[in-house]
Amino acid sequence: MNTDAILITGVRVVDPGTGRDEIGELYIADGMIAEVPRSLPRDVRVIEDGGLTAVPGLLDMHVHLREPGREDAETIQSGTAAAARGGFTRVMAMANTQPAVDTPARVEWILRRAAEMGAVEVLTAAAITRGRRGEELTDFAGLVKAGAAAFSDDGCTVADEEIMRAAMARAAGLGRAILDHAEDENLKGGGVMHAGAKARAAGLPGVGEEVETRIVARDIRLARETGCRLHIQHVSCGASIAMISAAQQEGLAVSAEVTPHHLALCDEDVDPQDASYKVNPPLRSAEDRATLREAVAGGVVAAFASDHAPHTAASKARGFLKAPAGICGLETAVGVTYTVMVRGGLMDLKSWIERWTLGPARILGLPAPTLEPGARADVTLLDLEHSWRVDSAEFVSRGRNTPFEGWDLFGRCVMTIAAGDIRYSGLRGVSER
Ligand SMILES: [Zn+2]
């Protein structure tokens, strides 16, 4: 823990909420961003580097921390350490732990544990239905009172329309978003990758687009009926984007997130021998990927989210048919999205920062992240100039499951400061006076 004041100087400061973008200074004291004092206190820590960029602390609104129940894959401690190393000062944990986060006591347990063990702030979603079985609604009011930031059965879809309608009506009444894992499990059957030429050639059962689009269509209709804020998680299909865009133009509170892997990869990249490419929803066609990129750049998709899903090496070694789906994403999310979207010339830096800060904060009804004096000192310091190579052996997550092994990326977090404390530092060759 670092309780000294910190002066970050000579860096590019980019704060999309205020439009600030200049070479300048940031001063942190007592956990807050403050005006730089005329004379610095004696014990101030000075970080000086001309090549770095300071942005408001990044927020990943979709992570799996696996605790309780699967501490062999991840814990709140290891997952939040991975978040800090990845550049995130806040993460939203999903409720599909074992047991599920479906009672106020379990919400309180997660938040208490995170306060004790967490390297960064943890927000938690609460389950929509008991045990995430899709049958009986949880105690929404009690869960909000306990601190649940949103509702999601992520990993599963609430298949019964009546139950989903009732859930959305309750969430609307409480001013919380429903985070929607859109997947028609009956239609999906045993599918493991996008239903396309690659799956046919590999002899693997496919997942058609309608597995996602049917639920997206149904839930947009329910959002219209109930007035609920509906957030579609990990959108994978171009056809879903068209519906989400139409809903927004109609004025509905419908939003979406896209993962780094759905922006970087498509089904043609999948190695059927390597289950680190197995993810749910699956990597879609190159055409879908192009539509997702456009939607992120244009703002129809307001948030990136990693869908960080660590798994043990043993479970991923079971092969494409049997291995669990998911990518260990917190420590590559910044690099992958920056490289594909900004270095790739598809969006500007300010918009890219927004998708990791203002976008998810708005969706969740949180105050806008900012570097203005008076704000809590959540700061991410990035090196956007030098490439780095993904080496999963360096991950502090317990997961190593990544399809990005060996990739050369631009965009790397070199320091994460949360509430004025340095929670991660990978600074090399930077002068600290
Ligand atoms: Zn999901």
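The shown structure was predicted, so the numbers you read here are calculated from the model rather than taken from an experiment.

Peer 1: Explain the overall build of the protein chain residue by residue, including any values.
Peer 2: Regarding its fold elements, the protein chain presents 14 helices and 19 strands. At 21 Å, the protein chain has a C-alpha radius of gyration in line with the 22 Å of a compact globule built from 433 residues. With respect to the three principal axes, the spread of C-alpha positions in the protein chain is 65 × 45 × 45 Å. Residues classed as buried in the protein chain amount to 57% of the 433 residues present. Long-range pairs, those at least 24 residues apart, make up 76% of the contacts in the protein chain with a sequence separation of at least 6.

Peer 1: Just give me the short version of helix 4 (residues 161-174), but keep the residues and values in it.
Peer 2: Relative to the 20 Å expected for 14 residues at 1.5 Å per residue, helix 4 spans 20 Å between its end C-alpha atoms, a close match to the ideal helical length. Considered for burial, the residues of helix 4 that qualify are Met164, Ala167, Met168, Arg170 and Ala171. Around the axis of helix 4, the buried residues are gathered within 165° of arc, so they sit on the same side. Considering only its buried residues, helix 4 is in contact with helix 3 (140-146), strand 9 (150-151), strand 10 (178-180) and helix 7 (210-226). Looking one or two residues beyond helix 4, the residue adopting positive phi is glycine 175, at roughly 70°.

Peer 1: Requested: an account of the nonpolar core, with residues and values cited.
Peer 2: In this structure, Ala125, Ala148 and Phe151 are the most contacted members of the largest nonpolar core, which totals 139 residues. Other than its neighbours up to four places away in sequence, alanine 125 contacts Met92, Ala93, Met94, Ala95, Ala148, Ala149, Ala150, Phe151, Ser152, Asp154 and Leu179.

Peer 1: Give me the lowdown on helix 1 (residues 76-86), citing residues and values where you can.
Peer 2: Here helix 1 lies mainly inside the structure; 10 of its 11 residues are buried. Considered for burial, the residues of helix 1 that qualify are Ile76, Ser78, Gly79, Thr80, Ala81, Ala82, Ala83, Ala84, Arg85 and Gly86. One or two residues past the end of helix 1 sits glycine 87, with phi positive at roughly 110°.

Peer 1: Describe unusual backbone geometry, and please don't skip the residues or the numbers.
Peer 2: For the peptide bond that leads from glutamate 67 to proline 68, omega is 10°, which places it in the cis range. Counting through the fold element by element, proline 68 comes out in the loop between strand 6 (58-63) and helix 1. Cis peptide bonds are those with omega within 30 degrees of zero, and the linkage from asparagine 280 to proline 281 qualifies with -5°. Relative to the elements of secondary structure, proline 281 occurs in the loop between helix 9 (260-264) and helix 10 (286-298).

Peer 1: Kindly report on the pairing of strand 1 (residues 6-15), identifying the contributing residues and their values.
Peer 2: Relative to strand 4 (residues 45-48), strand 1 is paired through four bridges, and the arrangement is parallel. By the bridge assignment for strand 4, isoleucine 6 is matched with arginine 45. Here strand 1 pairs with strand 2 (residues 20-29) via nine bridges, running antiparallel. Among the inter-strand pairings, leucine 7 is bridged to a residue of strand 2, identified as tyrosine 27. In this antiparallel pair of consecutive strands, strand 1 and strand 2, the connection spans four residues, and glycine 19 shows a positive phi of 80°. The sheet contact formed by strand 1 and strand 5 (residues 52-56) spans two bridges and is parallel. Looking across to strand 5, one finds that valine 13 is bridged to alanine 54.

Peer 1: An account of the packing of helix 1 against helix 2 (residues 104-117) is needed here, citing residue identities and associated values.
Peer 2: Two elements in contact, helix 1 and helix 2, have axes whose closest approach is 9 Å; the angle formed by their N-to-C orientations is 60°. Regarding the angle of helix 1 to helix 2, the classification is oblique. Like other packed secondary-structure pairs, helix 1 and helix 2 cross with a definite hand, here right-handed. In contact with Ile76, Gln77 and Thr80 of helix 1, helix 2 contributes Arg113, Ala114 and Met117. By residue class, the composition of the contact of helix 1 with helix 2 is three nonpolar, two polar and one charged.

Peer 1: Which residues make up the environment of alanine 29, and what values go with them?
Peer 2: Relative to the helices and strands, alanine 29 is located in strand 2. On the neighbour-count criterion, alanine 29 (19 C-beta atoms within 10 Å) is partly exposed. A sequence separation of 257 residues divides alanine 29 from alanine 286, and the C-alpha atoms of the two residues are 47 Å apart. Setting aside chain neighbours within four positions, we find alanine 29 in contact with Ala5 and Ala34.

Peer 1: Kindly report on the packing of helix 4 against helix 7, identifying the contributing residues and their values.
Peer 2: Between helix 4 and helix 7, whose axes approach to 9 Å, the crossing angle comes to 45°. Between helix 4 and helix 7, the interaxial angle falls into the category oblique. At the point where helix 4 passes helix 7, the crossing takes the right-handed sense. For the pair helix 4 and helix 7, contact is made by Glu161, Met164, Arg165, Met168, Ala169 and Ala172 and by Arg218, Asp219, Leu222, Ala223, Glu225 and Thr226, respectively. Here the residues of the contact of helix 4 with helix 7 sort into six nonpolar, one polar and five charged.

Peer 1: Can you break down the pairing of strand 14 (residues 254-258) residue by residue, with the values?
Peer 2: Taking burial as the measure, the five residues of strand 14 include five buried ones, the bulk of the element. Judged by which residues are buried, strand 14 turns out to be covered on both faces: Val254, Ala256 and Val258 on one side and Ser255 and Glu257 on the other are all buried. Pairing analysis gives three bridges linking strand 13 (residues 230-232) to strand 14, with the strands arranged parallel. Residue pairing for strand 14: leucine 230 is matched across the bridge by valine 254. Note on the crossover from strand 13 through helix 8 (residues 238-249) to strand 14: the handedness is right-handed. Sheet analysis places strand 14 next to strand 15 (residues 303-304), joined by two bridges and oriented parallel. Bridged to valine 258 within strand 15 is phenylalanine 304.

The rules behind each value
- Within every chain, residues take consecutive numbers counted from 1 along the sequence as written.
- The predicted origin of the model limits local features to residues at a pLDDT of at least 70 and limits the giving and counting of side-chain atom pairs to 80 or more, whereas totals for whole chains, interfaces and linings rest on all residues.
- A run of H or I in DSSP becomes a helix once it reaches four residues, and a run of E becomes a strand once it reaches two; helices and strands are each numbered from the N terminus.
- Each radius of gyration reported is based on C-alpha atoms, and the globular scaling rule is 2.2 Å times the count of residues to the power 0.38.
- A residue is called partly exposed when the number of other C-beta atoms within 10 Å of its own lies between 12 and 20, exposed at 12 or fewer, and buried at 20 or more, with C-beta atoms placed from the backbone.
- We call two residues in contact when the distance between their C-beta atoms, placed using the backbone, is within 7 Å.
- Take the residue count of a helix, subtract one, and multiply by 1.5 Å to get its expected span.
- It is the directions from the helix axis to the C-beta atoms that the arc portrays.
- In plain words, the nonpolar core is the set of buried Ala, Val, Leu, Ile, Met, Phe, Trp, Tyr and Cys residues that C-beta atoms within 7 Å link up.
- Only strands that DSSP links by at least two bridges are regarded as paired with each other.
- To obtain each axis, a line is fitted to C-alpha atoms, and for helices this fit is confined to the stretch in contact; angles are then taken between N-to-C directions over 0 to 180 degrees.
- Oblique is the label for any angle not covered by the other classes, which are roughly parallel (under 35 degrees), roughly antiparallel (over 145) and roughly perpendicular (65 to 115).
- Whether a crossing is left-handed or right-handed is set by the direction in which the near helix is turned from the far one by less than a right angle, anticlockwise for left-handed and clockwise for right-handed.
- Three residue categories are used. Nonpolar comprises Ala, Val, Leu, Ile, Met, Phe, Trp, Tyr, Cys and Pro, charged comprises Asp, Glu, Lys and Arg, and polar comprises the others, including Gly.
- Think of it like this: strands point away, you trace from the first strand over the helix to the second, and a clockwise trace means the crossover is right-handed.

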